[in-house]
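# Understanding the architecture of this molecule
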Amino acid sequence: QVQLVESGGGLVQAGDSLRLSCAASGRTFSSLVMGWFRQAPGKEREFVAAISRSGGTTYYAYSVKGRFTISRDNAKNTVYLQLNSLKPEDTAAYYCAGKTTGAAGSSLTGYNIWGQGTQVTVAA
């Protein structure tokens, strides 16, 4: 059974940067499509970014494109999310997720492995 553990969240000021990490254990990491999602209080969980198994293809939500970067290191069984130019509206719990079948995409329903989340709070 694959386990995902996120880290790197925190409290920052608007305009600051953070790097989130998600470490996987228990299975061949390179066989998983990986994604990042976020959920703000009172809102539904939403797609942020996804990356293909090889790392060669990435996808982003419109709201973060140009500010966030997803990457992966299959040798370290880790996926990253670099968050730059943070805004207060980026405040949310951030979750990494893995998909065992299918291509990278933005739909939550395709991701069947989830981490516990890490909180990102951006002060104005």
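Notes on the structure follow. (Residues numbered from 1 in each chain as written. Predicted model: local features only at pLDDT ≥ 70, side-chain atom pairs only at ≥ 80, totals over all residues. Heavy atoms only, no water.)

What follows deals with the nonpolar core. If you look at the biggest cluster of nonpolar residues, it comprises 36 residues, and the most contacted ones within it are Trp 36, Leu 81 and Tyr 94. Those elements that place two or more of their residues in this core are strand E3 (18–25), strand E4 (33–39), strand E5 (46–51), strand E7 (68–73), strand E8 (78–83), strand E9 (92–99) and strand E11 (118–123). Among the elements that take part in this core, E5 stands out by supplying 5 residues, more than any other. Among residues more than four places away in sequence, those in contact with Leu 81 are Leu 18, Arg 19, Leu 20, Trp 36, Val 48, Ala 49, Phe 68, Thr 69, Ile 70 and Tyr 94. (Core = buried A, V, L, I, M, F, W, Y, C linked by side-chain atoms within 4.5 Å. Buried < 20%, exposed > 50% of the residue type's maximum accessible area, 1.4 Å probe, protein only. Helix = DSSP H or I, 4+ residues; strand = E, 2+ residues; numbered from the N terminus. Contact = heavy atoms within 4.5 Å.)

Judged by which residues are buried, E11 turns out to be one-sided: Thr 118, Val 120 and Val 122 face inward and are buried, whereas Gln 119, Thr 121 and Ala 123, on the alternate face, are not. Strand direction decides the pairing type here: strand E2 (residues 10–13) and E11, joined by 4 bridges, are parallel. Note that in E11 the partner of Gly 10 across the bridge is Val 120. One ladder, built from 3 bridges, connects E9 with E11; its direction is antiparallel. (Pairing = 2+ DSSP bridges.)

Further remarks concern the packing of aromatic side chains. A complete count under the given rule lists 3 aromatic pairs for this structure. Measuring from centroid to centroid gives 5.0 Å for Phe 37 and Tyr 111, while their planes differ by 75 degrees, and the two rings are edge-to-face. Of this pair, Phe 37 sits in strand E4 while Tyr 111 sits in the loop between E9 and strand E10 (113–114); the two residues are 74 residues apart in sequence, bridging distant segments of the chain. Each member of the pair Phe 37 and Tyr 111 is classed as buried. With a centroid separation of 5.0 Å and 50 degrees between ring planes, the pair formed by Phe 37 and Trp 114 is classed as tilted. Of the two residues, Phe 37 sits in strand E4 while Trp 114 sits in strand E10, which places them 77 residues apart along the sequence. Exposure remark for Phe 37: the relative accessible area of 0% places this residue in the buried category. Taken together, Phe 37, Phe 47, Tyr 111 and Trp 114 form an aromatic cluster joined through their ring pairs. If you follow Lys 99 out to its NZ or CZ, it ends over the ring of Tyr 111, 4.8 Å from the centre. (Phe/Tyr/Trp six-rings, centres within 6.5 Å; stacked < 30°, edge-to-face > 60°. Lys NZ or Arg CZ within 6 Å of the ring centre and 35° of its normal.)

With that settled, the discussion passes to the pattern of salt bridges. Pairing between side chains of opposite charge can happen when their charged atoms approach one another. All chains considered together, the criterion is met by 3 salt bridges. Salt-bridge contacts for Glu 46 lead to Arg 38; the nearest nitrogen and oxygen are separated by 2.6 Å. The class of Glu 46 is partly exposed, set by a relative accessible area of 36%. Taking the relative accessible area as the measure of exposure, Arg 38 reaches 6% and is therefore buried. Where Arg 38 meets Asp 90, a salt bridge forms, and the shortest distance between an N and an O atom there is 2.9 Å. Linking Arg 38 in strand E4 with Asp 90 in the loop between E8 and E9, this pair joins segments that are 52 residues apart in sequence. Side by side, Arg 38 and Asp 90 carry an identical accessibility label, which is buried. Residues joined in a network through salt bridges with shared partners are Arg 38, Glu 46, Arg 67 and Asp 90. (Salt bridge = Lys/Arg side-chain N within 4 Å of Asp/Glu carboxyl O.)

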